[in-house]
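# Reading the structure
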Amino acid sequence: MATYSLANERLRALEDIEREIGAILQNAGSGYDDQRAGSESTVILELSKEKTNERLLDRQAAAFTASVQHVEAELSAQIRYLTQVATGQPHEGSSYSSRKDCQMALKRVDYARLKLSDVARTCEQMLEN
């Protein structure tokens with residue numbers, strides 16, 4: 001049950017990243033509510049003016065850069081996790097290697113039973129002769 005919650009958590013994190021990328025793209029050229037002026041300014045509108053408000057543009061650029069860096073860090077973390085899972089290295093929350101070990105042990109037990117029954121059959125045949 002814990003592996004499902006971990007998988008759901010990973011999927012939720014990816015969905016959050018996807019939403020954040022959408023917000024970055026949507027707000028890249030617009031959307032800053034200047035509370036002092038009481039109007040909405042856009043980066044494109046601001047750049048089209050003869051006198052631009054450099055502080056506003058700097059804040060927008062800093063916010064955009066911070067958002068992109070956050071998305072990059074989150075995606076890198078997800079990629080590192082997937083790399084560990086894909087290479088078969090043990091990682092936190094995985095039960096794959098344990099399940100695989102158990103399956104292989106069961107196959108070895110079945111094989112041992114088969115060989116023991118062969119040995120028992122051979123012994124019985126020798127005792128009869």
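Scroll up for the structure.
Now for a description of the structure that goes with this document. (Residues numbered from 1 in each chain as written. Predicted model: local features only at pLDDT ≥ 70, side-chain atom pairs only at ≥ 80, totals over all residues. Heavy atoms only, no water.)

## Comments concerning the overall build of the protein
Along its length, the protein carries 4 helices and 2 strands. Expressed as a percentage of contacts within the protein between residues at least 6 apart in sequence, the contacts between residues at least 24 apart total 51%. (Helix = DSSP H or I, 4+ residues; strand = E, 2+ residues; numbered from the N terminus. Contact = heavy atoms within 4.5 Å.)

## Observations concerning the packing of aromatic side chains
Applying the stated criterion across every chain, the model contains 0 aromatic pairs. Sitting over the face of the ring of Tyr-81, Arg-10 holds its NZ or CZ atom 3.6 Å from the ring centroid. (Phe/Tyr/Trp six-rings, centres within 6.5 Å; stacked < 30°, edge-to-face > 60°. Lys NZ or Arg CZ within 6 Å of the ring centre and 35° of its normal.)

## With respect to a nonpolar patch on the surface
There is a patch of nonpolar side chains on the surface, built from Leu-11, Leu-14, Ile-21, Leu-25, Leu-75 and Ile-79 and spanning about 530 Å² of accessible area. For the nonpolar patch, the secondary-structure elements that each account for two or more residues are helix H1 (2-27) and helix H3 (54-86). With 4 residues, H1 is the single largest residue contributor to the nonpolar patch. As for its placement among the helices and strands, Leu-25 is situated in helix H1. (Patch = residues over 30% accessible without salt bridge, like charges linked within 9 Å, V, L, I, M, F, W, Y side chains within 5 Å. Areas by Shrake-Rupley, 256 points an atom, 1.4 Å probe, with all protein chains shown as cover. Salt bridge = Lys/Arg side-chain N within 4 Å of Asp/Glu carboxyl O.)

## Some words on the pattern of salt bridges
Taken as a whole and judged by the stated rule, the model has 3 salt bridges. Here Arg-121 ties to Asp-118 by a salt bridge, and the two come within 3.1 Å at their closest N and O atoms. Of this pair, Arg-121 and Asp-118 both sit in helix H4 (residues 96-128), separated by 3 residues, roughly a single helical turn.

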